Amino acid sequence: MIQLLIRHARILLPDGQFLFGDVLLQDGKILEVASEIITPDPNILIDATGLTLLPGVIDPQVHFREPGLEHKEDLFTATCACAKGGVTSFLEMPNTHPLTITQRALDDKLHLAAQKCLVNYGFFIGATTDNLPDLLIANPTCGIKIFMGSAHGTLLVSREAELEPIFAKGTRLIAVHAEDQARIIQRRQEFHNITYPAIHSQIQDEKTALNATKLALKLSNKYQRRLHILHLSTGIEAEFLRKNKPHWVTAEVTPQHLLLNTEAYDRIGTLAQMNPPLRSPENNTILWQALLDGIIDFIATDHAPHTLEEKAKSYPNSPSGMPGVETSLPLMLTQTKLGHCSISQVANWMSTAVAKAYKIPNKGLIKPGYDADLVLVDLENYAPVQRKNLQTKCGWSPFEGWELTGWPIVTLVGGQIVYERGKLNTDVRGNSLKFE
Ligand code: DOR
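Residues numbered from 1 in each chain as written. Predicted model: local features only at pLDDT ≥ 70, side-chain atom pairs only at ≥ 80, totals over all residues. Heavy atoms only, no water.

**Points about the pattern of salt bridges**
And then number 1: Counted by the stated rule, this structure contains 18 salt bridges.
And then number 2: Of the charged contacts in the structure, one is a salt bridge between Lys84 and Glu326, with a shortest N-O distance of 3.9 Å. One end of the pair, Lys84, is in helix 1 (residues 75-85); the other, Glu326, is in the loop between helix 12 (308-311) and helix 13 (328-337), and 242 residues separate them in sequence.
And then number 3: With relative accessibility at 13%, the residue Lys84 sits in the buried group.
And then number 4: In this structure, a network of salt bridges that share partners links the residues Lys29, Lys363, Asp371 and Asp373. (Salt bridge = Lys/Arg side-chain N within 4 Å of Asp/Glu carboxyl O. Helix = DSSP H or I, 4+ residues; strand = E, 2+ residues; numbered from the N terminus. Buried < 20%, exposed > 50% of the residue type's maximum accessible area, 1.4 Å probe, protein only.)

**Re the packing of aromatic side chains**
And then number 1: Within the structure shown, the criterion is met by seven aromatic pairs.
And then number 2: On the numbers, 6.1 Å between centres and 75° between planes, the contact of Phe90 with Phe123 is edge-to-face. Of this pair, Phe90 sits in strand 7 (residues 87-92) while Phe123 is found in strand 8 (residues 120-126), placing the two residues 33 residues apart along the sequence.
And then number 3: In this structure Phe90 comes out as buried when scored by relative accessible area, which is 0%.
And then number 4: For the pair Phe399 and Trp402, a centre-to-centre distance of 4.9 Å together with 80° between the ring planes defines the contact as edge-to-face.
And then number 5: Ring pairing ties together the aromatic residues Phe64, Phe90, Tyr121 and Phe123, which thus form one cluster. (Phe/Tyr/Trp six-rings, centres within 6.5 Å; stacked < 30°, edge-to-face > 60°.)

**Side note on the site of the ligand**
And then number 1: Arg65, Asn95, Asn275, His306 and Ser320 are the nearest of the 13 residues found near the ligand.
And then number 2: His306 has a polar side-chain atom sitting 3.0 Å from an oxygen atom of the ligand.
And then number 3: Ser320 is positioned with one of its backbone polar atoms (N or O) 2.9 Å from a nitrogen atom of the ligand.
And then number 4: Contact with the protein chains covers 98% of the free accessible surface of the ligand, which is 290 Å².
And then number 5: Taken together, the residues of the shell around the ligand sort by class into two nonpolar, nine polar and two charged. (Near = heavy atom within 4 Å. Polar contact = N/O pair within 3.5 Å; in protein donor to acceptor, adjacent residues only side chain to side chain. Areas by Shrake-Rupley, 256 points an atom, 1.4 Å probe, with all protein chains shown as cover. Nonpolar A, V, L, I, M, F, W, Y, C, P; charged D, E, K, R; others polar.)

**What to know about the nonpolar core**
Burial of nonpolar side chains together is a common tendency in soluble globular proteins.
And then number 1: If you look at the biggest cluster of nonpolar residues, it comprises 91 residues, and the most contacted ones within it are Phe90, Ile146, Met148, Val176, Leu227, Ile229 and Leu258.
And then number 2: For this core, the leading source of residues is helix 1, giving six residues.
And then number 3: With residues near it in sequence (within four places) discarded, Leu258 still touches Val253, Asn284, Leu287, Trp288, Leu291, Ile299 and Met332.
And then number 4: Ranked by size, the runner-up nonpolar core spans 21 residues in total, among them Ile6, Ala48, Leu51 and Ile409. (Core = buried A, V, L, I, M, F, W, Y, C linked by side-chain atoms within 4.5 Å. Contact = heavy atoms within 4.5 Å.)

**A short note on the side chain of Thr100**
And then number 1: For Thr100, the location among the structural elements is in the loop between strand 7 and helix 2 (103-116).
And then number 2: Within the local environment of Thr100, its side chain forms a polar contact with the side chain of Thr96, the two groups lying 3.3 Å apart.
And then number 3: Engagement of the side chain of Thr100 in a polar contact is seen with the side chain of Lys109, the distance being 3.0 Å.
And then number 4: For Thr100, the residues in contact, after removing those within four places along its chain, are Pro94, Ala105, Leu106, Lys109, Phe124, Ile125 and Gly126.

**Points about the sheet that holds strand 10 (residues 174-177)**
And then number 1: The strand order 6-7-8-9-10-11-12-13 describes an open sheet built from eight strands, whose pairing is parallel. Only two strands of the sheet have a single partner each, and these edge strands are strand 6 (57-62) and strand 13 (298-299).
And then number 2: Bridging between strand 6 and strand 7 involves four bridges; their strand directions are parallel. Residue Asp59 lies in a different strand from strand 7, and its bridge partner there is Phe90.
And then number 3: Contacts from helix 7 (residues 206-223) reach strand 10, strand 11 (227-229) and strand 12 (249-253), with the element oriented near 170° to strand 11. (Pairing = 2+ DSSP bridges. Axes fitted to C-alpha atoms, helices over the stretch in contact; angles between N-to-C directions.)

**A word on the packing of helix 13 against helix 14 (residues 343-357)**
And then number 1: With their axes 9 Å apart at the nearest point, helix 13 and helix 14 run at an angle of 150° to one another. Taken together, the axis directions place helix 13 and helix 14 in an arrangement best described as roughly antiparallel. The two elements helix 13 and helix 14 meet at a crossing, and its hand is right-handed. From helix 13, Ser328, Leu329, Met332, Leu333 and Thr336 reach across to helix 14, where they touch Ile343, Val346, Trp349 and Met350. (Parallel < 35°, antiparallel > 145°, perpendicular 65-115°, else oblique. Left-handed = near helix turned anticlockwise from the far one by under 90°.)

**Brief notes about the pairing of strand 8**
And then number 1: Counting buried positions along strand 8 yields seven of seven residues, so the element is predominantly enclosed.
And then number 2: The two faces of strand 8 match: Asn120, Gly122, Phe124 and Gly126 on one face and Tyr121, Phe123 and Ile125 on the other face are all buried.
And then number 3: With four bridges connecting them, strand 7 and strand 8 associate as parallel partners. In the strand pairing of strand 8, Glu92 is matched with Phe123.
And then number 4: Two strands pair when backbone bridges link them, and strand 8 and strand 9 (residues 143-147) are joined in this way by three bridges, in the parallel orientation.

**Remarks on unusual backbone geometry**
And then number 1: Cis rather than trans, the peptide bond between His97 and Pro98 has omega equal to 0°.
And then number 2: Tracing the sequence through the fold places Pro98 in the loop between strand 7 and helix 2.
And then number 3: The residue after Tyr315, namely Pro316, is reached through a cis peptide bond having omega 10°.
And then number 4: Along the chain, the position of Pro316 falls in the loop between helix 12 and helix 13.
And then number 5: Even without being a glycine, His8 presents a positive backbone phi close to 60°.
And then number 6: Its place among the elements puts His8 in strand 1 (residues 3-12).
And then number 7: Of note, the phi angle at Asp27 is positive, near 50°, even though the residue is not glycine.
And then number 8: Relative to the assigned elements, Asp27 resides in the loop between strand 2 (18-26) and strand 3 (29-34).

Take it as geometry only, folks, not as evidence of what the structure does.
Here it is as C-alpha coordinates:
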(Lines give C-alpha, C1' and ligand atoms only; values in the text may rest on other atoms or scores of the structure.)
Protein backbone atom coordinates (compact mmCIF):
# COMPACT_ATOMS: atom_id res chain seq x y z
CA MET A 1 0.00 0.00 0.00
CA ILE A 2 1.53 3.33 -1.10
CA GLN A 3 0.14 6.48 0.49
CA LEU A 4 0.89 10.03 -0.57
CA LEU A 5 -0.41 13.06 1.31
CA ILE A 6 -0.76 16.49 -0.29
CA ARG A 7 -1.02 19.05 2.52
CA HIS A 8 -2.26 22.63 2.73
CA ALA A 9 -3.39 22.89 -0.92
CA ARG A 10 -6.09 25.07 -2.38
CA ILE A 11 -8.16 22.21 -3.81
CA LEU A 12 -10.64 22.64 -6.66
CA LEU A 13 -13.70 20.57 -5.71
CA PRO A 14 -16.19 19.04 -8.20
CA ASP A 15 -18.74 21.80 -7.48
CA GLY A 16 -16.24 24.48 -8.55
CA GLN A 17 -15.60 25.68 -4.97
CA PHE A 18 -12.18 25.67 -3.34
CA LEU A 19 -11.21 23.89 -0.13
CA PHE A 20 -8.01 24.74 1.72
CA GLY A 21 -6.88 21.33 2.91
CA ASP A 22 -5.33 17.94 2.30
CA VAL A 23 -5.71 15.13 -0.22
CA LEU A 24 -4.70 11.56 0.56
CA LEU A 25 -3.78 9.28 -2.33
CA GLN A 26 -3.50 5.54 -2.03
CA ASP A 27 -2.49 3.02 -4.70
CA GLY A 28 -3.05 5.45 -7.55
CA LYS A 29 -6.50 6.67 -6.41
CA ILE A 30 -7.80 9.62 -4.44
CA LEU A 31 -8.73 8.19 -1.02
CA GLU A 32 -9.81 11.28 0.91
CA VAL A 33 -10.25 15.03 0.50
CA ALA A 34 -10.65 17.03 3.74
CA SER A 35 -9.61 20.24 5.48
CA GLU A 36 -7.19 18.22 7.59
CA ILE A 37 -6.15 14.60 7.18
CA ILE A 38 -4.28 12.90 10.01
CA THR A 39 -2.57 9.78 8.77
CA PRO A 40 0.13 8.02 10.78
CA ASP A 41 2.88 7.62 8.26
CA PRO A 42 2.35 8.45 4.57
CA ASN A 43 5.13 7.24 2.27
CA ILE A 44 5.37 10.65 0.62
CA LEU A 45 4.37 14.09 1.84
CA ILE A 46 3.94 17.07 -0.49
CA ASP A 47 3.74 20.51 1.08
CA ALA A 48 1.41 22.43 -1.23
CA THR A 49 1.28 25.67 0.73
CA GLY A 50 0.45 28.50 -1.69
CA LEU A 51 -0.36 26.10 -4.56
CA THR A 52 -3.66 25.19 -6.25
CA LEU A 53 -4.58 21.55 -6.90
CA LEU A 54 -6.43 20.82 -10.15
CA PRO A 55 -7.42 17.63 -11.96
CA GLY A 56 -4.68 16.71 -14.45
CA VAL A 57 -5.22 18.01 -17.97
CA ILE A 58 -6.65 15.56 -20.52
CA ASP A 59 -5.53 16.80 -23.93
CA PRO A 60 -7.91 15.33 -26.50
CA GLN A 61 -6.00 16.16 -29.66
CA VAL A 62 -2.25 15.69 -30.08
CA HIS A 63 0.16 14.46 -32.77
CA PHE A 64 3.07 12.72 -31.07
CA ARG A 65 4.77 11.50 -34.29
CA GLU A 66 5.69 7.97 -33.24
CA PRO A 67 6.01 5.67 -35.07
CA GLY A 68 7.75 7.01 -38.13
CA LEU A 69 8.34 10.72 -37.57
CA GLU A 70 10.55 10.57 -34.48
CA HIS A 71 12.85 13.32 -35.78
CA LYS A 72 10.02 15.76 -34.83
CA GLU A 73 8.89 14.17 -31.55
CA ASP A 74 8.43 10.75 -29.97
CA LEU A 75 6.19 9.31 -27.28
CA PHE A 76 8.88 9.78 -24.63
CA THR A 77 9.78 13.41 -25.40
CA ALA A 78 6.14 14.33 -25.96
CA THR A 79 5.08 12.87 -22.61
CA CYS A 80 7.99 14.57 -20.81
CA ALA A 81 6.46 17.77 -22.21
CA CYS A 82 3.02 16.61 -21.01
CA ALA A 83 4.31 15.95 -17.48
CA LYS A 84 5.88 19.39 -17.33
CA GLY A 85 2.69 20.98 -18.66
CA GLY A 86 0.32 19.25 -16.24
CA VAL A 87 -1.11 17.01 -18.99
CA THR A 88 -1.77 13.61 -17.40
CA SER A 89 -3.66 11.97 -20.30
CA PHE A 90 -3.79 12.47 -24.07
CA LEU A 91 -5.69 11.30 -27.13
CA GLU A 92 -3.41 10.96 -30.13
CA MET A 93 -4.08 11.25 -33.86
CA PRO A 94 -3.51 8.60 -36.56
CA ASN A 95 -1.24 10.55 -38.97
CA THR A 96 1.93 8.70 -37.99
CA HIS A 97 3.91 6.35 -40.26
CA PRO A 98 2.44 3.82 -40.71
CA LEU A 99 -0.95 5.51 -40.41
CA THR A 100 -3.10 4.20 -37.54
CA ILE A 101 -5.78 2.77 -39.80
CA THR A 102 -5.78 -0.91 -38.78
CA GLN A 103 -6.02 -2.86 -35.51
CA ARG A 104 -2.44 -3.97 -36.05
CA ALA A 105 -1.17 -0.36 -36.24
CA LEU A 106 -3.26 0.54 -33.20
CA ASP A 107 -1.84 -2.42 -31.25
CA ASP A 108 1.71 -1.42 -32.21
CA LYS A 109 1.13 2.13 -30.99
CA LEU A 110 -0.34 0.88 -27.71
CA HIS A 111 2.66 -1.36 -27.25
CA LEU A 112 5.09 1.53 -27.85
CA ALA A 113 3.07 3.77 -25.54
CA ALA A 114 3.20 1.24 -22.67
CA GLN A 115 6.98 1.31 -22.93
CA LYS A 116 7.53 5.04 -23.43
CA CYS A 117 4.68 7.20 -22.10
CA LEU A 118 5.05 9.00 -18.78
CA VAL A 119 1.32 9.82 -18.82
CA ASN A 120 -1.93 8.02 -19.75
CA TYR A 121 -2.65 7.43 -23.42
CA GLY A 122 -5.46 6.80 -25.87
CA PHE A 123 -5.42 6.67 -29.67
CA PHE A 124 -7.78 7.46 -32.54
CA ILE A 125 -8.20 5.14 -35.50
CA GLY A 126 -8.04 7.03 -38.80
CA ALA A 127 -10.64 6.74 -41.55
CA THR A 128 -9.71 6.18 -45.19
CA THR A 129 -12.11 5.61 -48.06
CA ASP A 130 -11.77 1.84 -47.71
CA ASN A 131 -11.16 0.81 -44.09
CA LEU A 132 -14.70 0.74 -42.69
CA PRO A 133 -14.30 -2.86 -41.39
CA ASP A 134 -11.22 -1.72 -39.39
CA LEU A 135 -13.14 1.27 -38.00
CA LEU A 136 -15.93 -0.99 -36.80
CA ILE A 137 -13.74 -3.41 -34.86
CA ALA A 138 -10.85 -1.24 -33.60
CA ASN A 139 -10.34 -1.53 -29.84
CA PRO A 140 -9.44 0.20 -27.58
CA THR A 141 -9.88 3.55 -29.27
CA CYS A 142 -11.31 6.92 -28.29
CA GLY A 143 -12.93 7.28 -31.69
CA ILE A 144 -12.67 7.54 -35.45
CA LYS A 145 -10.70 10.46 -36.85
CA ILE A 146 -11.73 11.79 -40.22
CA PHE A 147 -9.60 14.30 -42.09
CA MET A 148 -12.27 15.89 -44.35
CA GLY A 149 -9.48 18.16 -45.63
CA SER A 150 -5.75 18.80 -45.13
CA ALA A 151 -4.93 15.22 -46.06
CA HIS A 152 -2.13 13.01 -44.75
CA GLY A 153 -1.60 10.30 -47.38
CA THR A 154 -4.72 8.16 -47.58
CA LEU A 155 -6.11 9.81 -44.45
CA LEU A 156 -8.66 11.82 -46.39
CA VAL A 157 -12.40 11.28 -46.63
CA SER A 158 -13.81 14.44 -48.13
CA ARG A 159 -16.81 13.66 -50.35
CA GLU A 160 -20.29 13.20 -48.96
CA ALA A 161 -20.68 9.82 -50.68
CA GLU A 162 -17.47 8.56 -49.03
CA LEU A 163 -18.33 10.00 -45.62
CA GLU A 164 -21.88 8.65 -45.56
CA PRO A 165 -21.11 4.95 -44.94
CA ILE A 166 -18.81 5.86 -42.03
CA PHE A 167 -21.58 7.90 -40.38
CA ALA A 168 -24.18 5.25 -41.22
CA LYS A 169 -22.45 2.23 -39.71
CA GLY A 170 -21.42 1.75 -36.11
CA THR A 171 -21.97 3.94 -33.07
CA ARG A 172 -18.60 5.13 -31.87
CA LEU A 173 -17.56 8.77 -31.74
CA ILE A 174 -16.48 10.38 -35.02
CA ALA A 175 -14.06 13.31 -34.68
CA VAL A 176 -13.68 15.49 -37.77
CA HIS A 177 -10.95 17.79 -39.01
CA ALA A 178 -13.47 19.96 -40.82
CA GLU A 179 -11.95 21.61 -43.88
CA ASP A 180 -13.34 21.39 -47.41
CA GLN A 181 -10.61 19.68 -49.45
CA ALA A 182 -12.04 20.63 -52.88
CA ARG A 183 -12.04 24.31 -51.90
CA ILE A 184 -8.48 24.05 -50.54
CA ILE A 185 -7.23 22.59 -53.84
CA GLN A 186 -9.02 25.22 -55.89
CA ARG A 187 -7.74 28.12 -53.76
CA ARG A 188 -4.19 26.75 -53.65
CA GLN A 189 -4.16 27.09 -57.43
CA GLU A 190 -5.60 30.60 -57.28
CA PHE A 191 -2.91 31.83 -54.86
CA HIS A 192 -0.03 29.57 -55.97
CA ASN A 193 2.44 32.39 -56.63
CA ILE A 194 2.23 33.91 -53.12
CA THR A 195 4.80 32.71 -50.58
CA TYR A 196 4.01 35.08 -47.70
CA PRO A 197 2.74 32.68 -44.97
CA ALA A 198 -0.32 34.80 -44.11
CA ILE A 199 -1.80 33.66 -47.41
CA HIS A 200 -2.38 30.30 -45.68
CA SER A 201 -5.32 31.80 -43.77
CA GLN A 202 -6.83 33.02 -47.03
CA ILE A 203 -6.34 29.80 -48.96
CA GLN A 204 -7.88 27.67 -46.20
CA ASP A 205 -10.35 30.43 -45.46
CA GLU A 206 -13.32 30.61 -43.11
CA LYS A 207 -15.70 29.21 -45.72
CA THR A 208 -13.38 26.22 -46.16
CA ALA A 209 -13.97 25.38 -42.50
CA LEU A 210 -17.68 26.20 -42.46
CA ASN A 211 -18.48 24.04 -45.52
CA ALA A 212 -17.00 20.95 -43.89
CA THR A 213 -18.52 21.59 -40.47
CA LYS A 214 -21.96 21.93 -42.11
CA LEU A 215 -21.49 18.68 -44.03
CA ALA A 216 -20.37 16.76 -40.92
CA LEU A 217 -23.34 18.10 -38.99
CA LYS A 218 -25.74 17.17 -41.79
CA LEU A 219 -24.52 13.55 -41.72
CA SER A 220 -24.51 13.45 -37.92
CA ASN A 221 -28.13 14.60 -37.91
CA LYS A 222 -29.14 12.11 -40.59
CA TYR A 223 -27.75 9.15 -38.62
CA GLN A 224 -27.95 10.66 -35.09
CA ARG A 225 -24.27 9.84 -34.94
CA ARG A 226 -22.04 11.00 -32.08
CA LEU A 227 -19.87 13.72 -33.65
CA HIS A 228 -17.01 15.78 -32.31
CA ILE A 229 -15.72 18.81 -34.22
CA LEU A 230 -11.98 19.20 -33.70
CA HIS A 231 -10.23 22.57 -33.38
CA LEU A 232 -13.07 24.92 -34.26
CA SER A 233 -11.39 28.00 -35.71
CA THR A 234 -13.99 30.45 -36.98
CA GLY A 235 -16.73 32.65 -35.59
CA ILE A 236 -19.05 31.60 -38.42
CA GLU A 237 -18.81 27.95 -37.41
CA ALA A 238 -19.39 28.87 -33.75
CA GLU A 239 -22.47 30.90 -34.67
CA PHE A 240 -23.71 28.10 -36.91
CA LEU A 241 -23.33 25.64 -34.02
CA ARG A 242 -25.07 28.06 -31.64
CA LYS A 243 -28.23 27.59 -33.74
CA ASN A 244 -27.77 24.04 -34.96
CA LYS A 245 -25.82 21.92 -32.48
CA PRO A 246 -27.67 18.78 -31.36
CA HIS A 247 -26.99 17.47 -27.85
CA TRP A 248 -24.93 14.54 -29.17
CA VAL A 249 -22.40 16.85 -30.86
CA THR A 250 -19.37 18.38 -29.10
CA ALA A 251 -16.75 20.86 -30.29
CA GLU A 252 -13.31 21.94 -29.12
CA VAL A 253 -11.05 24.96 -29.59
CA THR A 254 -7.27 25.32 -29.24
CA PRO A 255 -5.52 27.92 -27.08
CA GLN A 256 -3.90 29.27 -30.25
CA HIS A 257 -7.25 29.90 -31.95
CA LEU A 258 -8.34 31.78 -28.82
CA LEU A 259 -5.12 33.71 -28.20
CA LEU A 260 -3.31 34.07 -31.55
CA ASN A 261 -4.57 35.45 -34.84
CA THR A 262 -3.37 36.42 -38.32
CA GLU A 263 -1.22 39.19 -36.82
CA ALA A 264 1.13 36.41 -35.65
CA TYR A 265 2.44 35.81 -39.19
CA ASP A 266 4.29 39.16 -39.14
CA ARG A 267 5.97 38.19 -35.87
CA ILE A 268 6.73 34.48 -36.24
CA GLY A 269 6.15 33.68 -39.93
CA THR A 270 5.56 30.00 -40.68
CA LEU A 271 5.65 29.11 -36.95
CA ALA A 272 2.10 30.51 -36.99
CA GLN A 273 1.07 28.17 -39.81
CA MET A 274 -1.38 25.45 -38.82
CA ASN A 275 -4.50 23.67 -40.01
CA PRO A 276 -7.12 24.98 -39.69
CA PRO A 277 -5.31 28.32 -39.91
CA LEU A 278 -5.26 31.19 -37.46
CA ARG A 279 -8.02 33.72 -38.15
CA SER A 280 -8.63 37.47 -37.70
CA PRO A 281 -8.82 38.97 -34.16
CA GLU A 282 -12.65 39.18 -34.40
CA ASN A 283 -12.71 35.39 -34.56
CA ASN A 284 -10.80 35.19 -31.24
CA THR A 285 -13.60 37.18 -29.61
CA ILE A 286 -16.44 35.06 -31.03
CA LEU A 287 -14.68 31.77 -30.17
CA TRP A 288 -14.13 32.97 -26.58
CA GLN A 289 -17.81 33.82 -26.26
CA ALA A 290 -18.83 30.43 -27.68
CA LEU A 291 -16.57 28.69 -25.17
CA LEU A 292 -17.96 30.71 -22.27
CA ASP A 293 -21.51 29.97 -23.46
CA GLY A 294 -20.92 26.22 -23.72
CA ILE A 295 -21.29 26.08 -27.52
CA ILE A 296 -17.66 24.93 -27.54
CA ASP A 297 -17.29 22.17 -24.97
CA PHE A 298 -13.59 21.89 -24.27
CA ILE A 299 -9.97 22.67 -25.18
CA ALA A 300 -7.34 20.67 -27.09
CA THR A 301 -3.85 21.77 -28.06
CA ASP A 302 -3.50 19.98 -31.43
CA HIS A 303 0.17 19.64 -30.38
CA ALA A 304 1.73 19.17 -33.84
CA PRO A 305 5.51 19.62 -33.64
CA HIS A 306 7.74 20.17 -36.68
CA THR A 307 11.46 20.91 -36.56
CA LEU A 308 12.68 24.48 -36.97
CA GLU A 309 14.48 23.35 -40.09
CA GLU A 310 11.19 22.13 -41.60
CA LYS A 311 9.43 25.31 -40.52
CA ALA A 312 12.20 27.41 -42.14
CA LYS A 313 11.14 26.25 -45.60
CA SER A 314 9.26 28.91 -47.49
CA TYR A 315 5.48 28.73 -47.73
CA PRO A 316 3.80 26.52 -49.01
CA ASN A 317 6.62 23.98 -48.47
CA SER A 318 6.65 24.70 -44.73
CA PRO A 319 4.56 22.18 -42.75
CA SER A 320 1.47 23.19 -40.75
CA GLY A 321 1.32 22.69 -36.98
CA MET A 322 2.67 23.94 -33.67
CA PRO A 323 3.48 22.34 -30.31
CA GLY A 324 1.25 23.01 -27.29
CA VAL A 325 1.13 20.51 -24.43
CA GLU A 326 3.55 22.28 -22.12
CA THR A 327 2.06 25.74 -22.44
CA SER A 328 -1.71 25.12 -22.63
CA LEU A 329 -2.49 25.08 -18.90
CA PRO A 330 -0.45 28.18 -17.96
CA LEU A 331 -1.83 29.98 -21.02
CA MET A 332 -5.41 29.33 -19.91
CA LEU A 333 -4.72 29.98 -16.21
CA THR A 334 -3.15 33.32 -17.12
CA GLN A 335 -6.48 34.15 -18.75
CA THR A 336 -8.16 33.69 -15.35
CA LYS A 337 -5.89 36.43 -13.95
CA LEU A 338 -7.03 38.70 -16.78
CA GLY A 339 -10.65 38.08 -15.79
CA HIS A 340 -11.54 36.25 -19.00
CA CYS A 341 -12.66 33.05 -17.27
CA SER A 342 -12.50 31.25 -13.92
CA ILE A 343 -10.17 28.52 -12.68
CA SER A 344 -13.06 26.06 -12.44
CA GLN A 345 -14.02 26.81 -16.06
CA VAL A 346 -10.43 26.11 -17.15
CA ALA A 347 -10.41 22.80 -15.23
CA ASN A 348 -13.74 21.88 -16.79
CA TRP A 349 -12.59 22.70 -20.35
CA MET A 350 -9.23 20.98 -19.95
CA SER A 351 -10.20 17.92 -17.92
CA THR A 352 -13.75 17.32 -16.60
CA ALA A 353 -15.64 17.97 -19.85
CA VAL A 354 -13.10 15.96 -21.88
CA ALA A 355 -13.46 12.91 -19.61
CA LYS A 356 -17.24 13.21 -19.92
CA ALA A 357 -17.28 13.60 -23.72
CA TYR A 358 -14.95 10.64 -24.34
CA LYS A 359 -16.53 8.60 -21.50
CA ILE A 360 -13.22 8.11 -19.71
CA PRO A 361 -14.17 6.70 -16.31
CA ASN A 362 -12.82 8.06 -12.98
CA LYS A 363 -10.92 11.00 -14.39
CA GLY A 364 -11.34 14.77 -14.50
CA LEU A 365 -12.40 15.49 -10.91
CA ILE A 366 -10.74 15.66 -7.49
CA LYS A 367 -13.01 13.23 -5.72
CA PRO A 368 -12.54 10.08 -3.60
CA GLY A 369 -12.42 7.00 -5.84
CA TYR A 370 -11.13 8.95 -8.83
CA ASP A 371 -7.69 8.34 -10.34
CA ALA A 372 -4.91 10.38 -8.76
CA ASP A 373 -4.03 12.30 -11.96
CA LEU A 374 -3.41 15.74 -10.53
CA VAL A 375 -1.51 18.95 -11.03
CA LEU A 376 -0.38 21.51 -8.45
CA VAL A 377 0.03 24.94 -10.00
CA ASP A 378 1.48 28.20 -8.76
CA LEU A 379 -0.84 31.09 -9.57
CA GLU A 380 1.24 33.72 -7.80
CA ASN A 381 4.41 33.77 -9.93
CA TYR A 382 4.91 34.72 -13.57
CA ALA A 383 7.61 33.30 -15.84
CA PRO A 384 8.15 33.60 -19.58
CA VAL A 385 7.86 30.78 -22.14
CA GLN A 386 11.48 30.11 -23.06
CA ARG A 387 12.94 27.78 -25.63
CA LYS A 388 15.60 26.51 -23.24
CA ASN A 389 12.97 25.19 -20.83
CA LEU A 390 10.95 23.22 -23.38
CA GLN A 391 10.81 19.43 -23.33
CA THR A 392 9.24 18.96 -26.76
CA LYS A 393 11.80 17.66 -29.24
CA CYS A 394 10.94 20.39 -31.76
CA GLY A 395 12.31 22.93 -29.27
CA TRP A 396 10.15 25.96 -30.01
CA SER A 397 6.78 27.46 -29.09
CA PRO A 398 4.59 30.05 -30.83
CA PHE A 399 4.22 31.63 -27.37
CA GLU A 400 7.92 32.29 -26.67
CA GLY A 401 8.35 35.40 -24.54
CA TRP A 402 4.79 35.33 -23.17
CA GLU A 403 4.80 35.91 -19.40
CA LEU A 404 2.54 33.26 -17.91
CA THR A 405 1.37 32.17 -14.49
CA GLY A 406 -0.15 28.86 -13.36
CA TRP A 407 2.94 26.84 -14.27
CA PRO A 408 2.80 23.29 -12.92
CA ILE A 409 4.95 22.72 -9.82
CA VAL A 410 4.03 19.05 -9.28
CA THR A 411 2.29 16.66 -11.70
CA LEU A 412 0.99 13.27 -10.55
CA VAL A 413 -0.02 10.39 -12.80
CA GLY A 414 -1.79 7.49 -11.09
CA GLY A 415 -0.59 8.76 -7.72
CA GLN A 416 3.06 8.92 -8.79
CA ILE A 417 5.06 12.14 -8.98
CA VAL A 418 6.09 12.44 -12.62
CA TYR A 419 7.24 16.08 -12.43
CA GLU A 420 8.30 18.16 -9.45
CA ARG A 421 9.84 21.64 -9.39
CA GLY A 422 11.73 21.37 -12.67
CA LYS A 423 12.57 17.66 -12.41
CA LEU A 424 11.00 14.82 -14.37
CA ASN A 425 10.72 11.31 -12.98
CA THR A 426 11.21 9.38 -16.21
CA ASP A 427 10.57 6.03 -14.50
CA VAL A 428 6.83 6.72 -14.26
CA ARG A 429 4.59 5.08 -16.88
CA GLY A 430 0.99 5.96 -17.68
CA ASN A 431 -1.85 3.54 -18.40
CA SER A 432 -3.96 2.84 -21.43
CA LEU A 433 -7.18 4.87 -21.13
CA LYS A 434 -10.56 3.16 -21.05
CA PHE A 435 -13.53 4.43 -23.04
CA GLU A 436 -16.92 3.29 -21.78
O1 DOR B 1 -1.63 22.07 -38.33
C2 DOR B 1 -1.85 20.88 -38.23
N3 DOR B 1 -0.85 19.99 -38.20
N4 DOR B 1 -3.11 20.44 -38.16
C5 DOR B 1 -3.42 19.13 -38.18
O6 DOR B 1 -4.58 18.79 -38.05
C7 DOR B 1 -2.36 18.13 -38.38
C8 DOR B 1 -1.09 18.63 -37.85
C9 DOR B 1 0.13 17.79 -38.09
O10 DOR B 1 0.04 16.57 -37.88
O11 DOR B 1 1.18 18.34 -38.41
